[in-house]
Each structure stands twice: as structure tokens, then as C-alpha cells.
Amino acid sequence: MESPSPSPLAHALVAGTTGEWAITSIRPVVGASLPRAPRLQFLQGQAPMQQNPVWVLHGVTSNVRYMTEHEQHAVARVQAGLGRPEATCAALIPIRKSPEWWALAQDQRREIMQEQSRHFSIGMEYLPAIARRLIHCRDHGGEFDFLTWFEYAPEHEDAFEHLVGRLRETHEWSYVDREVDVRLSR
Ligand code: HEM
């Protein structure tokens with residue numbers, strides 16, 4: 001996983017007729033889907049310029065919420081950055097969690113994510129093949145709480161399917177009340 005920059009970086013994911021990424025599929029996992037569009041622009045720190053986009057999702061990178069210092073070092077040692085030339089596949093998975101999740105205290109959420117669901121440990125098994133960016137949008141009034149973005153080479157597609165399959169079976173995912181799985185290539 002790529003560490004978020006220390007200061008929040010605004011992101012806009014713009015679906016429409018232009019952009020570096022071709023959208024290959026859009027599949028609702030839980031709740032309503034997103035409208036179909038042919039291409040996507042992944043913008044960091046730039047304002048969207050596209051006329052009449054089909055949809056735009058906004059968010060910012062943020063500080064770490066749950067990882068311990070030890071976990072942060074472990075991730076930092078192995079993670080890969082975005083934009084590797086061989087990483088021609090991507091997944092955009094916007095996620096919203098339920099009011100029950102947000103009513104929990106920080107330590108209870110950490111307990112569910114890592115001690116019960118092993119989210120960080122499972123994820124670590126797929127680094128550095130899968131590069132990741134976590135974009136927060138709960139406090140920005142959007143439709144989702146998080147926009148998760150992943151980049152990988154075609155030979156790691158099966159590994160990525162395995163990873164999302166394992167995470168979706170966890171107790172943490174019982175709190176996910178909307179999830180859309182968008183796949184892309186460039
Ligand atoms: C590539 C391997 C992965 C690693 C190493 C990883 C690791 C992590 C870590 C460490 C956090 C917590 C960050 C913090 O402390 O604030 C996190 C949060 C999150 N991850 Fe993963 N993850 C991976 C894959 C995935 C996948 C495939 C999905 C979606 C299907 C996903 C969805 C999320 C979401 C939605 C959050 C925010 C949860 C919340 O704050 O409630 N992750 N991930």
C-alpha cells in the first residue's frame with residue numbers, strides 16, 4: 001500500500017468519454033451500481049476539466065486511522081507506488097459502511113478490521129504486486145465513505161480476485177452497505 005502523503009491530496013475520479021483508463025466492467029457488489037461509461041480519468045491534485053462527465057467521485061488522502069507503528073513500517077517496507085508501467089490493470093472499488101459501523105468507537109473498529117478480520121495481514125500477502133491508494137470521502141458528503149484504487153500487472157489479476165474474495169468474507173465486510181467494483185485497463 002502506498003502511504004498517504006502527510007498533507008491531504010485531493011483526488012477526482014472522472015468517468016466519461018476521455019481519460020487514460022478504459023473501463024472494462026462495472027459491477028454492483030452491495031447496493032446500487034454506478035452508471036456505465038467508457039473511460040476514466042484518475043486526477044490527483046487537479047480539478048476535473050471534462051465537459052459533461054457521466055459521474056465524478058471526489059475524495060482526499062488522509063492520515064492513517066488504525067495501523068500501529070509496527071504495521072505502518074511493515075507496509076512501508078514492501079509497498080509499491082502507483083504508475084508502474086507494467087501495472088496496466090486497475091480496480092476502483094468505492095465503499096460505504098453502515099451507520100452501525102460509524103457508531104462504534106475507534107478501538108472497536110480496529111478490533112474488527114485487524115484482530116477479527118485480519119484485513120491488514122491478508123492485504124500484506126499481496127504486496128508489492130498490488131499497489132493501493134485509499135481515498136477518504138465520508139466527510140465530503142459524497143455517496144461513498146471510501147474510494148479504494150488498486151493497480152497491478154495482468155499476471156496478478158487472479159491474485160487480486162483472491163484478495164477481494166477473502167476480504168468480502170470477513171466480519172468487517174458485514175458492515176459494508178454499498179460497494180461497486182469497477183475494473184479498468186490502460
Ligand atoms: C492490497 C492489499 C491491501 C492492503 C495492504 C490493505 C491495507 C489496509 C490498511 C492498513 C488499512 C487501514 C489504514 C488506516 O490505518 O487508516 C486499510 C483500509 C481500508 N481498506 Fe484495505 N488493504 C488492502 C486491500 C484492500 C481491498 C482489496 C479493499 C477493497 C475491496 C480494501 C478496502 C479498504 C477500505 C474500504 C479501507 C478503509 C476502512 C475503514 O477505514 O473503515 N483494502 N487497508
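About the criteria used
- Once a new chain begins, its residue numbering starts again from 1 and follows that chain's sequence as written.
- Where local features are concerned, this predicted model is filtered to residues with pLDDT of at least 70; where side-chain atom pairs are given and counted, the filter is 80 or more; whole-chain, interface and lining totals use all residues.
- By definition, any uninterrupted DSSP run of H or I lasting at least four residues is a helix, any uninterrupted run of E lasting at least two residues is a strand, and each is numbered from the N terminus.
- Only C-alpha atoms enter the radius of gyration; for comparison, a globular chain is expected to reach 2.2 Å times N to the power 0.38, where N is the number of residues.
- With C-beta atoms placed from the backbone, a residue is labelled by how many other C-beta atoms lie within 10 Å of its own: buried for 20 or more, exposed for 12 or fewer, partly exposed between the two.
- Residues are defined as contacting one another if the C-beta atoms placed from their backbone atoms lie within 7 Å.
- A set of buried residues drawn from Ala, Val, Leu, Ile, Met, Phe, Trp, Tyr and Cys, joined through C-beta atoms within 7 Å, is what defines a nonpolar core.
- Paired strands, as defined in this entry, are two strands with at least two bridges between them according to DSSP.

Lay out the overall build of the chain with the relevant residues and their values.
When you go through the chain residue by residue, the secondary structure sums to five helices and eight strands. The C-alpha atoms of the chain give 16 Å as radius of gyration, which agrees with the globular expectation for 186 residues (16 Å, within 12%). Along the three orthogonal principal directions, the C-alpha set of the chain runs to about 45 × 35 × 30 Å. Expressed as a percentage of its 186 residues, the buried residues of the chain come to 25%. A separation of at least 24 residues holds for 78% of the contacts in the chain among residues at least 6 apart in sequence.

Give a detailed account of the nonpolar core, specifying residues and quantitative values.
Core analysis: the largest hydrophobic core is formed by 32 residues, its most contacted members being Leu-13, Leu-40, Ala-90, Leu-92 and Leu-147. Those elements that provide at least two residues to this core are strand 1 (10-16), strand 2 (21-30), strand 3 (39-44), strand 5 (89-97), strand 6 (131-136), strand 7 (146-152) and strand 8 (176-185). It is strand 5 that contributes the most residues to this core, five residues altogether. Leave out the neighbours within four places in its chain, and Leu-13 touches Leu-40, Phe-42, Val-56, Leu-57, Leu-92 and Leu-147.

Run through the pairing of strand 7, naming residues and quoting values.
Along strand 7, five of the seven residues are buried, which leaves the element largely enclosed by surrounding structure. One ladder, built from seven bridges, connects strand 5 with strand 7; its direction is antiparallel. Its bridge partner being in strand 7, Cys-89 is matched across the sheet by Tyr-152. Of the pairings in the sheet, the one linking strand 6 to strand 7 comprises six bridges and is antiparallel in character. Following the sheet pairing, Ala-131 is matched in strand 7 by Glu-151.

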